[in-house]
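Topology and contacts: notes
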Amino acid sequence: MDVATAQVKCLWFVARQHPGPMGRVVLVTGGAGFVGSHTVVELLEAGHHVVVVDNCINSTKGSDPQELPPALARVQTITGKTLRAFYMVSLLDRPGLTKVFAKHQVDLVIHFAALKAVGESVEKPLDYYINNVTGTLNLLEVMGEAGVKRLVYSSSATVYGVPQYLPTDELHPTGVGITNPYGQTKYVCEQIMKDLATADKEWRVVLLRYFNPVGAHESGKIGENPSGPPNNLVPYIAQVAVGKREALSVFGDDYDTPDGTGVRDYIHVMDLASGHVAALDKIFSEDFRSAIAYNLGTGQGVSVLQMIDAFKRASGRDIPYKVVGRRNGDVATIVASCTLAEQELGWRATRNLQQMCIDTWRWQSQNPDGFM
Ligand code: UD1
């Protein structure tokens, strides 16, 4: 058995439905994860053909190697459509990755696969640089060799560091004051992609800078499924509401914000997902060149206490909380300017805070133990 055969566990699925005439073949790395799986729903609904590559180190695997990860099986149920293929392959496995590109005429890649726990990245920086940066370098090299030079990259508002002005637009300096290795890897990968697009004019890259993704698909079948105690606010609140955790710790109430707690720009994951489809369309437009960054947010700031209140109303449950000290590396406020995405991608977020909480609660209450 050759290396690639041993390492690539390929699952083939014959398409049951005919995609639209403009269907592209889209390879999604990290497609079994939170934002990835919701984006696969939107891609399938838009008539694209989807190949997923995921090593499933941070997502639930199928019960045997012949089975799709449950998140992707549920994506198929939601959409009534079938993935072209799923490969359990790491981006660190170059031969495996090369083999995937040899099997499919990929038109564009959406690259989500990465480690993303901020605290863990401080403790294990090399894991983050290797997975996120080396993994991305492998992907870019293999894409280049296969002649696939269209890419949508899953970046983060973390590249802005401590925001110098609000709302923060794409002209804001990046790479200054980033407090953790996770954030650095997002910044470094953006730089690599910009340099590549400068050196080789055939590359067309969209860097999507997410603000704070929350919510879940409205079916309640897929959603965020953190392993261990959640690091992020909304998954933690959801687990308190469902009775899995006793109380939320609010990290500081002495910030220079209206109620003293941190203010963020939360965006519904389905709005984020549709932003990726808009980015794909943009890359295929005639005039698109080079590497361009777009913020994906709502432009609305929500404090920790406002989020607790909104979640209480959506769930009808109490959310006990206690105020503790500030968390290292947190900023008081960050809110997106989304004008560029509106003007150039024709995209804007349409779901409000209440919808984000209702959909998170539906997912959490129907799946208290995630994909089990
Ligand atoms: C964090 C990451 C960011 C990453 C994003 C992914 C940090 C410093 N930043 O953003 O790089 O891209 O997640 O979604 O970790 N909070 C509490 N109690 C909690 C959890 C959070 O009070 O248990 C507060 C935080 O202090 C903050 C707000 O809730 O004010 C949002 O926190 P979180 O959901 O972790 O997102 P970010 O810190 O904005």
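Just so it is clear, the model here is predicted, and its values are computed rather than measured.

**Some details on the overall build of the protein**
In terms of helices and strands, the protein carries 12 helices and 14 strands. Relative to its length of 372 residues, the protein is compact, with a C-alpha radius of gyration of 20 Å against a globular reference of 21 Å. Dimensions along the principal axes, computed over C-alpha positions, put the protein at roughly 55 × 45 × 40 Å. When the 372 residues of the protein are sorted by exposure, 52% land in the buried category. Long-range pairs, those at least 24 residues apart, make up 81% of the contacts in the protein between residues at least 6 apart in sequence. Total accessible area on the protein stands at roughly 15,900 Å², and carbon and sulfur atoms take up 50% of it. Side-chain charges of the protein comprise 34 positive and 38 negative groups, with the mean position of each set lying 4 Å from the other.

**Some thoughts on the pattern of salt bridges**
Counting across every chain of the model gives 15 salt bridges. Here Glu190 makes a salt bridge to Arg209, at a shortest N to O gap of 2.8 Å. With Glu190 in helix 7 (residues 181–199) and Arg209 in strand 7 (residues 204–210), this pair connects stretches of sequence that are 19 residues apart. One continuous salt-bridge network, built from bridges that share partners, spans Arg94, Glu141 and Glu145.

**As for helix 6 (residues 125–146)**
Along its 22 residues, helix 6 runs 31 Å from first to last C-alpha, staying within 8% of the 32 Å computed at 1.5 Å per residue. Taken residue by residue, helix 6 has Tyr128, Asn132, Val133, Gly135, Thr136, Asn138, Leu139, Leu140, Val142 and Met143 as its buried positions. Residues of helix 6 that are buried make contact with strand 2 (25–29), helix 4 (94–103), strand 5 (108–111), helix 5 (118–123), strand 6 (150–156) and helix 7.

**With respect to the site of the ligand**
Near the ligand there are 20 residues, and of these Leu233, Ser249, Arg264, Arg327 and Asp330 occur at the shortest range. When isolated, the ligand has an accessible area of 730 Å², and the protein chains bury 89% of it. Put simply, the parts of the chain that give the shell around the ligand at least two residues each are strand 8 (212–214) and strand 9 (248–251). The dominant element in the shell around the ligand, judged by the number of residues it contributes, is strand 9, at 4 residues. A per-class count over the shell around the ligand returns 9 nonpolar, 8 polar and 3 charged.

**Considering the packing of helix 10 (residues 304–315) against helix 12 (residues 353–366)**
The contact between helix 10 and helix 12 brings their axes to 9 Å, and the two run at 55°. On the basis of their axis angle, the class for helix 10 and helix 12 is oblique. As helix 10 packs across helix 12, the resulting crossing turns out to be right-handed. On helix 12, the residues touching Met307, Ala310, Phe311, Arg313, Ala314 and Ser315 of helix 10 are Leu353, Gln354, Cys357, Ile358, Thr360 and Trp361.

**Quick look at unusual backbone geometry**
Put simply, Leu166 and Pro167 share a cis peptide bond, and its omega is -15°. A positive phi is found at Cys56, a non-glycine position, where the angle reads about 60°. Judged by relative accessible area, which is 2%, Cys56 ranks as buried. Phi is positive for Ser290, which is not a glycine, with a value near 70°. Along the polypeptide, Ser290 turns up in strand 12 (residues 290–296). Residue classification places Ser290 among the partly exposed residues on the basis of a relative accessible area of 30%.

**Re the confidence of the model for the protein**
With 94% of its residues at a pLDDT of 70 or more, the protein shows a mean pLDDT of 94. This model gives residues 1–20 a pLDDT under 50, and the stretch forms 42 contacts once residues within four places in sequence are excluded.

**Here's the deal with a nonpolar patch on the surface**
A cluster of nonpolar residues, Leu92, Leu126 and Ile130, forms a patch on the protein surface that exposes about 280 Å² of accessible area. One can find Leu126 in helix 6.

**Describing the packing of helix 4 against helix 6**
Closest axis-to-axis distance for the helix 4/helix 6 pair is 10 Å, and the angle between their directions is 35°. Considering only the axes of helix 4 and helix 6, their crossing is right-handed. Across the interface between the two elements, Arg94, Leu97, Thr98 and Phe101 of helix 4 pack against Asn138, Leu139, Glu141, Val142, Met143, Glu145 and Ala146 of helix 6. Broken down by class, the residue content of the contact of helix 4 with helix 6 amounts to 6 nonpolar, 2 polar and 3 charged.

Rules of the game
- Residues numbered from 1 in each chain as written.
- Predicted model: local features only at pLDDT ≥ 70, side-chain atom pairs only at ≥ 80, totals over all residues.
- Heavy atoms only, no water.
- Helix = DSSP H or I, 4+ residues; strand = E, 2+ residues; numbered from the N terminus.
- Rg over C-alpha atoms; globule rule 2.2 N^0.38 Å.
- Buried < 20%, exposed > 50% of the residue type's maximum accessible area, 1.4 Å probe, protein only.
- Contact = heavy atoms within 4.5 Å.
- Areas by Shrake-Rupley, 256 points an atom, 1.4 Å probe, with all protein chains shown as cover.
- Lys, Arg positive; Asp, Glu negative; His and termini not counted.
- Charge placed at Lys NZ, Arg CZ, Asp CG, Glu CD.
- Salt bridge = Lys/Arg side-chain N within 4 Å of Asp/Glu carboxyl O.
- Expected span 1.5 Å × (residues − 1).
- Near = heavy atom within 4 Å.
- Nonpolar A, V, L, I, M, F, W, Y, C, P; charged D, E, K, R; others polar.
- Axes fitted to C-alpha atoms, helices over the stretch in contact; angles between N-to-C directions.
- Parallel < 35°, antiparallel > 145°, perpendicular 65-115°, else oblique.
- Left-handed = near helix turned anticlockwise from the far one by under 90°.
- pLDDT = per-residue confidence, 0-100.
- Patch = residues over 30% accessible without salt bridge, like charges linked within 9 Å, V, L, I, M, F, W, Y side chains within 5 Å.

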